[in-house]
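An overview of the molecular structure
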Amino acid sequence: MTLIKSLLLGSAAGIVAVASAQAADLPTKKAAPVEYVKVCNVGGITGWTLPGSDTCVKFSGYITAQVEGGNLNNQYTWGSISGLTSSTAATVLVTNAVTGATVPVPIGTSVPGGITGTSPSAIAATPSYILSNSQVNQRVLVAPSTVNSNTKFFRNEFGWTTRANFGFDMASNTAYGPLIGHFDLNSEMGNGFDNTGTAVYVNTGYVTWAGITAGKAQSFYSFTGGGDNWANFASPDQKGFNEPDLLAYTASFGGGFSVTIAAQSAGANGGSGAGTDMGAPNFSNIGVNSLTPSSITYGGMKWPDFVGALHVKQGWGEAQVSGVIHNVNVSANGYNSDNTAVGAICGLTGTAYCYDEHNQIGWGVDAGVKINLPSFGAGDDALLTGSYTQSAVWYSGLPDMMWGENGQVNGNGQPMYMQDAYFNPITNQWSKPTAWSVSALIEHHFTPQFYLDLEGSVGQLKWSNQGGGCSLFGVGCAIASAAQGSISPSATTWLVGADLGWNPVNNLNFDLELMYQSTNQSTPNGFLGTIYNSGTASEFFVPGDWHGVSDGFAGRFRITRYF
């Protein structure tokens, strides 16, 4: 057994030795080198390059969680005298100035004693068409009522907002400069006071190459966005939201100077905004709800908004001057059928055919400057911007203030008449708006972690062919003058705001913002009064009761994680 075991072990050792020698004589195959992801920077986009690709890729975005709240005052909407006298079930009465008894609201006929402060002859001389006109405008205000569900009981004072933004950039170098593709998506949910609603949509998506920008991108008209707060100051903000589809070319020169020409869509921009055509269907309501509906409807798009901009960016800061022309192609709601079908119902006597369609060119100019202030603190700067428009009110920046409520802050008071045109069937003529705004912002960093933004805005809206200042049921208001003033001829609005921020670690921000806006509208010529308890058995009418001030304050706390 010992001999056999020795022979077997010796044989096994020999076989292993031979096999090892043969393996050593075979050629070896080395493992392929590992190709790692590389950091890249193309066209200002810092990201990473995929193995086997020359495209620089970057992911970015943010998640923000917010709570917000604000004060509530009475909400006033617009009505018509015919709605007061005929559309409600209740008999509407006002106080007789002579006897103290109640009498029905007149429909162009003489009433003994007249309305309070009004002579019987003034009522008798008023054409019935003026008093029975069904057009909704600022001649008649409607106070909040349970029937309209707009009393304070039905309105929110507190709300929640959550948004997740995801962006993707793809960039590569070419002989003509960087070729860049970008898109970002917003997914948001909210409820209660001034929330975003619930939606998923493309915020921006565009291609840039050799000076060309094509797609849904930031407007070149806007110098800045809506300020550093979530709620906006007065600015034609198409940088933070409402970005349009556009086709643009930018020529860059030395010293940081560039010139851009662009054609951009005036139509709706999906979930990010309603565009720049201020009228139905994109802006179906002038105020915060359907109780103040649009009075004009846009027809088909005839040509885009054309924008030109001169921009400079240097070490001291940046500045821009821009301009836009805007096509106003509208018809008057309620009068925009064929004249044969509608009949001759316009004019002071209600017997003229209506000039219900209107086409004109609106325009706007915008300018802004931003100055870096490193001597005050790292990241400190000051900004001043302003816009002036005619028949292109979106570009004035006024519609974008606070939550985009046209001055009806938090739903308080009544809105400004923010439309690109207005038709008065009594005078059978169109009016055009002139609107402007000026805004300022300063940002100061107390430390790298704590900062404060202060901002303010002021602006004005004026309408042609409106007169203003007298009440039909008052003294010294001629019928011709009353017929002219369907809406407030002028409105002034201003805003102040602050944002206190804390950046405890990289890419995490805590922000507390406070804002206040006030709007004051002048009384329209021919103003009638205010309806209370509308649609109920206790409905009553107060002649000459104008409510021209709309104001409110709001606060928002937000936590944002950037990546």
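This structure is a prediction, so every number in the text was calculated from the model and none was measured.

1. Describing the overall build of the protein
Per the secondary structure count, the protein includes six helices and 27 strands. Of all 563 residues assigned to the protein, the portion counted as buried reaches 49%. Taking all contacts inside the protein whose residues are at least 6 apart in sequence as the whole, residues at least 24 apart take part in 68%.

2. So, the pairing of strand β10 (residues 199–209)
Summarising the sheet, strand β9 (residues 179–192) and β10 pair through nine bridges and their orientation is antiparallel. Looking at the pairing, Asn-186 lines up with Tyr-201 of β10. Between β9 and β10, which pair antiparallel one after the other, the connecting turn spans six residues, and Asp-194 there sits at a positive phi close to 40°. Looking at chain direction, β10 and strand β11 (residues 212–216) are connected through five bridges and run antiparallel. Bridge pairing in β11 links Trp-209 to Ile-212.

3. Some remarks on the nonpolar core
Met-402, Tyr-417, Met-418 and Leu-461 are the most contacted members of the largest nonpolar core, which has 42 residues in total. Where this core is concerned, the elements lending two or more residues are β12 (245–252), β21 (433–445), β22 (450–463) and β23 (490–502). Ignoring sequence-local partners within four residues, the contact set of Leu-461 consists of Val-393, Leu-398, Met-416, Tyr-417, Met-418, Pro-433, Thr-434, Ala-435, Pro-489, Ser-490 and Ala-491. Tyr-298, Val-328, Cys-354 and Ala-421 belong to the second largest nonpolar core, which has 11 residues in total.

4. Re the environment of Gly-526
Looking at the element boundaries, Gly-526 is found in the loop between β24 (508–521) and β25 (529–532). Taking the C-alpha atoms as reference, Gly-526 lies 9.9 Å from Gln-466; in sequence the two are 60 residues apart.

5. A short note on the sheet that holds β25
Taken in spatial order, the four strands line up as β4-β7-β25-β26 in an open sheet, and their pairing is mixed. Single-partner strands in this sheet number two, and they are β4 (77–79) and β26 (540–543). Taken over all neighbouring pairs, the strand axes of this sheet differ in orientation by 30° on average, direction set aside. Sheet topology note: the strand β7 (residues 140–142)/β25 ladder contains three bridges and is parallel.

6. A short note on a nonpolar patch on the surface
Taken together, the side chains of Phe-59, Ile-63, Phe-166, Met-170, Phe-183, Leu-185, Val-202 and Phe-563 present a nonpolar region at the surface, about 650 Å² in accessible area. For the nonpolar patch, the elements supplying multiple residues, two or more each, are β3 (56–70), β8 (158–172) and β9. As for its placement among the helices and strands, Leu-185 is situated in strand β9. Among the residues examined, Leu-185 registers a relative accessible area of 34% and is labelled partly exposed.

7. Quick look at the environment of Trp-363
Tracing the backbone shows Trp-363 in strand β17 (residues 357–372). Residues Trp-363 and Ile-325 lie 38 residues apart in sequence; the distance between their C-alpha atoms is 4.3 Å. Every residue in contact with Trp-363, bar those within four places of it in the chain, is listed here: Val-324, Ile-325, Tyr-388, Thr-389, Gln-390 and Ala-392.

8. Some details on the side chain of Thr-213
Tracing the sequence through the fold places Thr-213 in strand β11. Owing to a relative accessible area of 9%, Thr-213 belongs among the buried residues under this scheme. Setting aside residues no more than four positions away along its own chain, Thr-213 makes contact with Tyr-206, Val-207, Thr-208, Phe-220, Leu-246, Leu-247 and Ala-248.

9. As for the state of the cysteines
Overall, the coordinates contain two disulfides when judged by the stated rule. Disulfide partner of Cys-40: Cys-56, at an S-S distance of 2.0 Å. When the S-S torsion is 90°, as for the bridge of Cys-40 with Cys-56, the disulfide is right-handed. With a gap of 16 residues between them, Cys-40 in strand β1 (residues 38–42) and Cys-56 in strand β3 connect regions that are remote in the sequence. The two residues Cys-40 and Cys-56 agree in class, both being buried.

Calculation notes
- Residues numbered from 1 in each chain as written.
- Predicted model: local features only at pLDDT ≥ 70, side-chain atom pairs only at ≥ 80, totals over all residues.
- Heavy atoms only, no water.
- Helix = DSSP H or I, 4+ residues; strand = E, 2+ residues; numbered from the N terminus.
- Buried < 20%, exposed > 50% of the residue type's maximum accessible area, 1.4 Å probe, protein only.
- Contact = heavy atoms within 4.5 Å.
- Pairing = 2+ DSSP bridges.
- Core = buried A, V, L, I, M, F, W, Y, C linked by side-chain atoms within 4.5 Å.
- Axes fitted to C-alpha atoms, helices over the stretch in contact; angles between N-to-C directions.
- Patch = residues over 30% accessible without salt bridge, like charges linked within 9 Å, V, L, I, M, F, W, Y side chains within 5 Å.
- Areas by Shrake-Rupley, 256 points an atom, 1.4 Å probe, with all protein chains shown as cover.
- Salt bridge = Lys/Arg side-chain N within 4 Å of Asp/Glu carboxyl O.
- Disulfide = S-S within 2.5 Å.

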